[in-house]
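Report on the structure
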Amino acid sequence: MISEPILRGRDFLSNLDLSQDEYRIVLETAHAMKRGAFRDREPLKGKTLAMIFEKPSLRTRTTFEIGMYQLGGHALYLSNAEIGLGTREPVRDIALNLERWVDGIMARVYLHSTLEELARYSSKPVINGLSDLLHPVQLLADYQTIEEVFGETRGLRVVFIGDGNNMANAHIQCAVLSEVELEVITPRGYEPNALILMEALERGAKVRLSHDPRRVRGAQVLYTDVWVSMGQEEEASQRRKIKDFEGFQVHPEMLEEIDPQGIFLHCLPAHYGQEVVEGATLHPKSRVFDQAENRLHAQKALLYHLLG
């Protein structure tokens, strides 16, 4: 049975905007929705979600838009070319306008401070669809996928290999809620955000940083993400970065080193030939496309609890 909405009117900028109990309820809702709960009900009938995009998107736009439709609501796509976030109009004014018309705002932006400003001035819930600092909606789908394979996550060995970017930061935060044993493996100089790590450790997360790709051995979950994020594609710096990441690529031979029952995840899009090769995403241990499917179910659960 799905609980009544528990997050009404709140913002979701970070996984740590949820308590451990709330995180558990959202994921249980996601599992239930995947099994078909609410297929014949419209708990968000008459509700509208404004979707602001500074960055292009396949999974985020598609899954939020379909999710609102399946729950009886409506999603409105707003590209940055149309609204000029912070250029044509101040972020404050956009928030103060949108709150008069819509029931929630989802924004996929460059700067995390843009989300914080939207949330400061909007009385309606603001959802982080991705920022330079965090990607919390992705982690909900990731842990839904992990639970489908392993059930209980406490004590599970999760290894993130690659750049200490917004995905690594989000994994560190989610380690507080999921109680996994997380190891983040990066080249030197590419470590995740120190303040996010410090807060997670203070809240009891089990997180280890290392620089040795061989430490993927025995991982029950192996995770990677792009080395060069959108907005960082300047050619010279990209070439330097790829050289720095030599030895950190996920390939089928690496997947043979993880736990025999282990799985491989990547939040996509993949830069084949850089952080991963096609043989890894198509490997029997890969759950990459299950993970992408679960963006729909996890975000439907989040929307239900925020806007229901």
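A brief look at the structure comes next.

The rules behind these values
Once a new chain begins, its residue numbering starts again from 1 and follows that chain's sequence as written. Two thresholds apply to this predicted model, a pLDDT of at least 70 for residue-level local features and 80 or more for giving and counting side-chain atom pairs, whereas whole-chain, interface and lining totals are computed over all residues. Derived side-chain values reflect all non-hydrogen atoms in the structure, with water molecules and hydrogen atoms excluded from consideration. Residue types Ala, Val, Leu, Ile, Met, Phe, Trp, Tyr and Cys, when buried and joined through side-chain atoms within 4.5 Å, form a set referred to as a nonpolar core. For every residue, the accessible area (1.4 Å probe, protein chains only) is compared with the maximum for its type, and the residue is labelled buried under 20%, exposed over 50%, or partly exposed between those bounds. What counts as a helix is a DSSP run of H or I of at least four residues, what counts as a strand is a run of E of at least two, and both are numbered from the N terminus. Here, residues are in contact when the closest pair of their heavy atoms is within 4.5 Å. Two strands pair under a simple rule: DSSP has to find at least two bridges between them. Between the N-to-C directions of two axes lies an angle of 0 to 180 degrees, each axis being a line fitted to C-alpha atoms and, for a helix, fitted only over the stretch in contact. Every case where a carboxyl oxygen of Asp or Glu lies within 4 Å of a side-chain nitrogen of Lys or Arg is listed as a salt bridge.

**Considerations on the nonpolar core**
One finds I127, Y143 and L303 to be the most contacted residues of the largest nonpolar core, which totals 60 residues. It is helix 7 (residues 166-178) that contributes the most residues to this core, 8 residues altogether. The residues contacting Y143, other than those within four sequence positions of it, are Y23, L27, T153, V158, H171, C174, S178 and V180. Core analysis: the next-biggest nonpolar cluster, separate from the first, contains 22 residues, I185, A219, F245 and L268 among them.

**Section: the sheet that holds strand 7 (residues 206-210)**
The sheet built from 5 strands is open, its strands ordered 7-6-5-8-9 with parallel pairing. The strands lining the two open edges of the sheet, one partner per strand, are strand 7 and strand 9 (263-266). On average, adjacent strands in this sheet sit at an angle of 20° to one another, irrespective of strand direction. Pairing between strand 6 (residues 181-185) and strand 7: 5 bridges, direction parallel. When the bridges of strand 7 are listed, E181 appears paired with K206. On top of the sheet, helix 12 (residues 288-307) reaches strand 8 (221-224) and strand 9; it is set at about 50° to strand 9, its chief contact.

**A few points about the pairing of strand 4 (residues 126-130)**
The buried count for strand 4 comes to 5 of 5 residues, which makes it a mostly enclosed element. As paired elements, strand 3 (residues 104-108) and strand 4 share 4 bridges and run parallel to each other. The residue of strand 4 that forms the bridge with R108 is L130.

**A look at the pattern of salt bridges**
Tallied over the full model, the rule gives 17 salt bridges. Note that E22 is salt-bridged to R10, the shortest N-O span being 2.8 Å. In this pair, E22 is assigned in helix 1 (residues 20-35) and R10 in the segment before helix 1, connecting sequence segments 12 residues apart. The partly exposed category is assigned to R10, whose relative accessible area is 29%. Measuring nitrogen to oxygen at the nearest pair gives 2.8 Å for the salt bridge that ties D93 to R92. Overall, D93 belongs to the partly exposed group, its relative accessible area being 24%. Taken together, the salt bridges that share partners define one network made up of R157, E183, R208 and R215.

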